[in-house]
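Residue-level structural notes
Each chain, letter by letter, is given below.
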Amino acid sequence: MKAIVCNQYGSPDVLELKEIKKPFPTKNQVLVKVHSASLNFGNLVLLKGKPFLARFAFGLTKPKYSIPGGDIAGTVEAVGKNVQLFKVGDKVFGDLSGCGWGGFAEYVTVPEDALALKPNNISFEEAAATPMAGVTALQGLRDKGKIKSGHKVLIYGASGGVGTFAVQIAKSFGSEVTGVCSTRNVEIVRSIGADHIIDYIKEDFAQHQERYDLVLGVNGSNSLSAYKRVLKQNGKFVHVGGSESQLYQTLFLGPLISMTGSKKMSSLLQRANQKDLNDVKELLESGNVKPIIDKRFKLSEITEAFKYFQEGHAQGKVVITL
């Protein structure tokens, strides 16, 4: 089979398209013929080995997982003898980041608890665009942010992969959503249901008079003080992505701010979870959430896909088709 292989940390140019042996499922695994995959921030971390702390999970000197790719959608081709949830022919999608990656390939073996049945009302491409970003948005809003109906929610980075899911999921909870994005992305954020939009090219969200119950920081390099300024008393800030400096601020200063006042600052480390994936699946099936795809690339165009993705301007998700 064809697969993307990465044996050293570096730029997208280190990625190679190779012919390798097709895998065979163990007794607890499912063999999936991959139709689509997608790119996430975790793919960049796995490629570059940055931030350095990530190497303790991904390999100190070279990648532990030679085939990258977390999000997939495809068809079950074979199942191990102990598999109970899926059968040959099932259309599935899932996040492989917690079980060895390997999604940028024509076939991959997956533990059954990393998958869910694909909703019938979306394509394989849309399904592949969903797992990591959709679950991240859900966990950030529901689990860390404790979102409730009527909450005023601000999403900084509303036009990216996680952000487009976060806007729609927050609306599904009955909250009033303000999306922050650049001028070129205003229309896409409006089209997915944001009640208000702040164009960060033209204005500073931290200077607005509005105060929020929950702020989700998906992108950018804003200081914690800027986010703290726009929170209501007892409001929550959840960092799910952004600059490395912002991550360290949240990790080390966030607990101190949270201990000394009513405003809470925390960081989310998304973890693949079958139950949460099924919760997102229900949102997709209901029509309340629709994956937004920016560009599609072939597996042979993986280098170009990564170069485009790392520019950080994608409107929604970047998808790989096989």
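Here the structure is shown first, and the text comes after it.
All figures in this text were calculated on a predicted structure; none of them were measured in a lab.

Quick look at helix 4 (residues 131-144) now. Under the 1.5 Å per step criterion, the end-to-end length of helix 4 is 18 Å for 14 residues, consistent within 8% with the ideal 20 Å. Buried residues dominate helix 4, accounting for 11 of its 14 residues. For helix 4, the set of buried residues is Pro 131, Met 132, Ala 133, Gly 134, Val 135, Thr 136, Ala 137, Leu 138, Gln 139, Gly 140 and Leu 141. Of the residues one or two after helix 4, Lys 146 is the one with positive phi, at around 50 degrees.

A sheet is described by the order of its strands in space; here six strands give the open sequence 10-9-8-11-12-13, paired in parallel fashion. Taken across any chain shown, the strands that pair with only one partner, and hence form the sheet edges, are strand 10 (196-199) and strand 13 (264-267). For this sheet, the mean inter-axis angle between neighbouring strands, taken without regard to orientation, is 15 degrees. Pairing of strand 9 (residues 176-181) with strand 10 involves four bridges; the strand directions are parallel. Paired with Cys 181 across the bridge in strand 10 is Asp 199.

Right, let's talk about the pairing of strand 14 (residues 293-298) for a bit. By the bridge criterion, five bridges tie strand 14 to strand 15 (residues 317-321) in an arrangement that is parallel. Bridge pairing in strand 15 places Arg 296 opposite Val 319. Following the chain from strand 14 across helix 11 (residues 302-310) to the adjacent parallel strand 15, one finds a crossover that is right-handed.

For helix 11, the full list of buried residues reads Ile 302, Thr 303, Ala 305, Phe 306, Tyr 308 and Phe 309. Buried-residue contacts for helix 11 involve strand 1 (2-5), helix 1 (41-48), strand 14 and strand 15. The first or second residue beyond helix 11 is Gly 312, which carries a positive phi of 80 degrees.

Let us now look at the nonpolar core. In this structure, Phe 93, Leu 141, Ile 155, Val 167, Ile 169, Leu 216 and Val 240 are the most contacted members of the largest nonpolar core, which totals 39 residues. Per-element tally for this core: the top contributor is helix 5 (residues 161-172), with six residues. Val 240 has contacts with Thr 136, Val 162, Leu 216, Gly 217, Val 218 and Leu 268, leaving out every residue within four places of it along the chain. Ile 4, Ala 37, Leu 299 and Val 318 belong to the second-largest nonpolar core, a separate cluster that totals 19 residues.

Below, the discussion takes up the packing of helix 4 against helix 10 (residues 274-286). Where helix 4 meets helix 10, the closest approach of the two axes is 9 Å, and the angle between their N-to-C directions is 95 degrees. Classified by the angle their axes make, helix 4 and helix 10 are roughly perpendicular. For the pair helix 4 and helix 10, the contacting residues are Pro 131, Gly 134, Val 135, Leu 138, Gln 139, Arg 142 and Asp 143 in the first and Asp 276, Leu 277, Asp 279 and Val 280 in the second. By residue class, the composition of the contact of helix 4 with helix 10 is five nonpolar, two polar and four charged.

Here the focus is the environment of His 208. Looking at where His 208 falls in the secondary structure, it is placed in the loop between strand 10 and strand 11 (212-217). Sequence-distant contacts of His 208, defined by excluding residues within four places in its chain, comprise Ile 198 and Glu 203. Here Glu 203 takes part through its side chain, which lies 2.8 Å from a polar atom of the side chain of His 208.

Quick look at the packing of aromatic side chains now. The geometry of an aromatic ring pair is captured by two quantities: the separation of the ring centres and the angle between the planes. Within the structure shown, the criterion is met by 10 aromatic pairs. Between Tyr 227 and Phe 237, the ring centres sit 4.3 Å apart and the planes meet at 20 degrees, which makes this aromatic pair stacked. Residue Tyr 227 is found in helix 7 (residues 224-229), and its partner Phe 237 is found in strand 12 (residues 231-239); the two are separated by 10 residues along the sequence. When the ring of Phe 297 is compared with that of Tyr 308, the centres are 6.3 Å apart and the planes differ by 45 degrees; the resulting orientation is tilted. With a gap of 11 residues between them, Phe 297 in strand 14 and Tyr 308 in helix 11 connect regions that are remote in the sequence.

The rules behind each value
The written sequence of each chain sets the order in which its residues are numbered from 1. With pLDDT at 70 or above as the cut-off, local features in this predicted model cover only qualifying residues; side-chain atom pairs require 80 or more to be listed or tallied, and sums for whole chains, interfaces and linings still use all residues. In computing side-chain values, all of the structure's heavy atoms are included and hydrogens and water are not. Helix and strand assignments follow DSSP, with helices taken as H or I runs no shorter than four residues and strands as E runs no shorter than two, numbered in order from the N terminus. A helix is expected to span 1.5 Å for every residue after the first. Residue exposure (1.4 Å probe, protein chains only): buried if accessible area is under 20% of the type maximum, exposed if over 50%, otherwise partly exposed. The pairing criterion is simple: DSSP has to find at least two bridges between the two strands. Throughout, an axis means a line fitted to C-alpha atoms (over the contacting stretch in the case of helices), and angles, computed between N-to-C directions, take values from 0 to 180 degrees. Crossovers are described as right-handed under a simple rule: with the strands pointing away from the observer, the path leading from the first strand over the helix to the second runs clockwise. For this analysis, residues touch if any pair of their heavy atoms sits within 4.5 Å. The criterion is simple. A nonpolar core is a set of buried Ala, Val, Leu, Ile, Met, Phe, Trp, Tyr and Cys residues joined through side-chain atoms within 4.5 Å. Note on angle classes: values under 35 degrees are labelled roughly parallel, values over 145 roughly antiparallel, values of 65 to 115 roughly perpendicular, and the remainder oblique. Charged means Asp, Glu, Lys or Arg here, nonpolar means Ala, Val, Leu, Ile, Met, Phe, Trp, Tyr, Cys or Pro, and polar covers whatever is left, Gly included. Under this definition, polar contacts are N or O atom pairs within 3.5 Å; protein pairs additionally need one hydrogen-donor-capable and one acceptor-capable atom, and for neighbouring residues in sequence, both atoms have to be side-chain atoms. Two rings from Phe, Tyr or Trp (for Trp, the six-membered ring) form a pair when their centres sit within 6.5 Å of each other. Planes less than 30 degrees apart are called stacked, planes more than 60 degrees apart edge-to-face, and all others tilted.

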